[in-house]
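What the coordinates show
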Amino acid sequence: MQIRFFKVRIPFIRPFTTSFGTEEYREAIILHMNKDGIDAFSEIVTSFLPDYGYEYNDTAINTIEKFLAKYVADAPQPHEFLDRVKGIKGHNMAKGAVEMLLWDYHSKLAGKPLDDYMGKSRGYANVGISIGMSDISEMKEQVRSAVSLGYKRIKVKIKRGRENIVSEIRDEFPDIRLSVDANGDYSYHDIPLLKELDKFELEYIEQPFRGDDLIYHSKLKKEISTPVCLDESITDPEKAEKAFEIGAVDVINIKPGRVAGLHNSIEIAKIARENNGHCWVGGMLETGIGRAFNIALASQELIDYPGDTSPNEKYFRKDIVRNPFRMKKGVIEANKGDGIGVYVDFDALFSYLVEAATISI
Ligand code: OSB
Ligand code: MG
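Residues numbered from 1 in each chain as written. Chains lettered and ligands numbered in written order. Predicted model: local features only at pLDDT ≥ 70, side-chain atom pairs only at ≥ 80, totals over all residues. Heavy atoms only, no water.

**Quick word on the packing of helix α9 (residues 237-245) against helix α10 (residues 262-274)**
Relative orientation of the contacting elements α9 and α10 amounts to 15°, with a least axis distance of 9 Å. The pairing of α9 with α10 is recorded here as roughly parallel in orientation. Both α9 and α10 take part in a crossing whose hand is right-handed. Mapping the contact onto sequence places P237, A240, E241 and F244 in α9 and N264, E267, I268, I271 and A272 in α10. Broken down by class, the residue content of the contact of α9 with α10 amounts to 6 nonpolar, 1 polar and 2 charged. (Axes fitted to C-alpha atoms, helices over the stretch in contact; angles between N-to-C directions. Helix = DSSP H or I, 4+ residues; strand = E, 2+ residues; numbered from the N terminus. Parallel < 35°, antiparallel > 145°, perpendicular 65-115°, else oblique. Left-handed = near helix turned anticlockwise from the far one by under 90°. Contact = heavy atoms within 4.5 Å. Nonpolar A, V, L, I, M, F, W, Y, C, P; charged D, E, K, R; others polar.)

**Focus: the sheet that holds strand β6 (residues 154-157)**
Pairing is parallel across the open sheet formed by 7 strands, whose spatial order is β5-β6-β7-β8-β9-β10-β11. Every interior strand has two partners, whereas the edge strands, β5 (129-131) and β11 (278-281), have only one. Pairing geometry for strand β8 (residues 205-206) and strand β9 (residues 228-230), over 2 bridges, is parallel. Looking across to β9, one finds that E206 is bridged to C229. Contacting β10 (251-254) and β11, α10 runs over the sheet at an angle of about 170° to β10. (Pairing = 2+ DSSP bridges.)

**Description of the site of ligand 1**
Of all residues adjacent to ligand 1, which total 17 residues, the nearest are S130, N183, L285, R291 and Y315. Note that an oxygen atom of ligand 1 is positioned 2.6 Å from one of the side-chain N or O atoms of Y315. Burial of ligand 1 by the surrounding chains reaches 97%, relative to a free accessible area of 390 Å². Partitioning the shell around ligand 1 into residue classes produces 6 nonpolar, 3 polar and 8 charged. Looking at which domains feed residues into the shell around ligand 1, each of domain 1 (2-112 + 344-360) and domain 2 (116-333) gives three or more. (Near = heavy atom within 4 Å. Polar contact = N/O pair within 3.5 Å; in protein donor to acceptor, adjacent residues only side chain to side chain. Areas by Shrake-Rupley, 256 points an atom, 1.4 Å probe, with all protein chains shown as cover. Domains from an automatic or database assignment.)

**Concerning the domain arrangement of the protein**
The domain architecture assigned to the protein consists of domain 1 (2-112 + 344-360) and domain 2 (116-333). Between the C-alpha centres of domain 1 and domain 2 the distance comes to 22 Å. Between domain 1 and domain 2, the residue contacts involve 38 residues of the former and 43 residues of the latter. Here domain 1 and domain 2 share an interface that buries about 3700 Å² over both sides, 68% of which is from carbon and sulfur atoms. A salt bridge links R14 to E138; the nearest nitrogen and oxygen atoms lie 3.6 Å apart. At the junction of domain 1 and domain 2, the tally comes to 17 residue pairs in polar contact (both at pLDDT 80 or more). Every element with two or more residues in the side of domain 1 that touches domain 2 is listed here: β1 (2-18), β2 (21-35), β3 (38-44), α2 (78-84), α3 (92-109) and α12 (346-351). If one sorts the elements of the side of domain 1 that touches domain 2 by residue count, α3 sits on top with 10 residues. (Buried area = accessible area lost by both parts, 1.4 Å probe. Salt bridge = Lys/Arg side-chain N within 4 Å of Asp/Glu carboxyl O.)

**Focus: the pairing of β2**
As paired strands, β1 and β2 are joined by 12 bridges and run antiparallel to one another. Counterpart to I3 in the pairing with β2 is M33. Connecting β1 to the antiparallel partner β2 that follows it, the hairpin turn spans 2 residues. Sheet topology note: the β2/β3 ladder contains 7 bridges and is antiparallel. Across the sheet, I29 pairs through a bridge with I44, a residue of β3.

**Section: the sheet that holds β2**
Spatially, the 4 strands line up as an open sheet ordered β3-β2-β1-β13, and their pairing is antiparallel. Looking at which strands have only one partner, the edges of the open sheet turn out to be β3 and β13 (353-360). Along the sheet, successive strands turn relative to each other by an average axial angle of 25°, direction set aside. Two strands pair when backbone bridges link them, and β1 and β13 are joined in this way by 7 bridges, in the antiparallel orientation.

**Quick look at a nonpolar patch on the surface**
A cluster of nonpolar side chains, namely Y188, I215, Y216 and I246, defines an oily patch on the protein surface of about 350 Å² accessible area. By the element assignment, Y188 lies in the loop between β7 (178-181) and α7 (191-195). (Patch = residues over 30% accessible without salt bridge, like charges linked within 9 Å, V, L, I, M, F, W, Y side chains within 5 Å.)

**With respect to the coordination of the magnesium ion (ligand 2)**
Distances from the magnesium ion (ligand 2) to its protein donors, D181 (OD), E206 (OE) and D231 (OD), fall within 2.1 to 2.3 Å. Within one chain, the residues serving as donors to the magnesium ion (ligand 2) are arranged as D-x24-E-x24-D. Taken as a pair, D181 in strand β7 and D231 in the loop between β9 and α9 lie far apart in primary sequence, 50 residues in all. Across the pair, exposure class does not vary: D181 and D231 are buried alike. (Donors = N, O, S within 2.8 Å, 3.2 Å for Na, K, Ca; no water. Buried < 20%, exposed > 50% of the residue type's maximum accessible area, 1.4 Å probe, protein only.)

**Let's talk about the UniProt feature "domain: Mandelate racemase/muconate lactonizing enzyme C-terminal" (unreviewed entry) in the protein**
UniProt's feature table lists "domain: Mandelate racemase/muconate lactonizing enzyme C-terminal" (unreviewed entry) at residues 136-227, given in the numbering used throughout. Between the end C-alpha atoms of residues 136-227 the distance is 24 Å, and the span holds 40% helix and 11% strand. (UniProt positions renumbered as here; feature names shortened; annotations may be inferred.)

**Some points on the packing of aromatic side chains**
For the structure shown, the criterion picks out 14 aromatic pairs. With a centroid separation of 4.9 Å and an interplanar angle of 20°, the aromatic rings of Y25 and F48 are classed as stacked. Separated by 23 residues along the polypeptide, Y25 in strand β2 and F48 in the loop between β3 and α1 (57-68) bring together distant segments of the chain. Overall, the relative accessible area of 24% leaves Y25 in the partly exposed class. (Phe/Tyr/Trp six-rings, centres within 6.5 Å; stacked < 30°, edge-to-face > 60°.)

Spelled out as structure tokens, the structure:
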């Protein structure tokens, strides 16, 4: 059997800026495997830089080629695959891409849409949007447009020193469900600064402190009234347990890539529920392939908050799938086709291609 890699580079319509930097294009890696007549796909959600986490595109490809691919030849169930690679530390995004390839394969084999195959689905995802940093007038314009399109929650990126983004947007939009994401830009000494944000009635503040922290987040939670959401810090179900145990978190942004796939994503959603917390599904600026996994997960009844699963047409002029998601009134319906239910547009994919490789297993 073979696994094929396609590295594509898709320019963003407008650059995406977070506290860790600006990206002008998304360099995505698509995985493909054909087994017993079934074509399965998935996407590695790393970027070309180790900026969100330590993994990046080339480490992910390398990890899959060297250490993970051999465990896929007999197409194990996703959880069996995770069990087999337990001894390989970290590299969750590499593992997650392979794990999701197996979910697509098995749901197609079962003849079911992924959201139904995975668990109890409501059949649609409640959708919010993530807005990158730029000058305040441009950000307000994007918020205005998102509100008029019906997004159920608006998240804006912030960083230390740009707290004015919050006051400016809250002033113009007093009633919207608003959140902020700092991608770890604040430090423990900034707690007074973060306390200032309480008056803006944010739905939550996402990842104020470093991606490896739980302790300072738990200290922060004692000082502020705004709920705390963790993204980077929650790398597996055990981390989620610990975060609730020490009072470091109210809400979890679940990204299947970050936690090594959908199996752990569902475990984390259960943990959030058991602890009276909340959870939603985040995004990594994926193509329509990665987005399909996110939408299937976000459709699960266990997921109770609107996520960052906006259609990616605001990022890319042309997707690499023939049936990209469309949002209506803040809702995206899960695909009805087998598996991820998106169909790859190979002309589009090849037009963005920068590298391809095949490994035999
Ligand atoms: O922290 O949620 C994040 C994009 C790249 C890296 C980190 C994050 C994000 C987003 C984008 O917020 C959300 C989306 O995919 O629409
Ligand atoms: Mg985030």
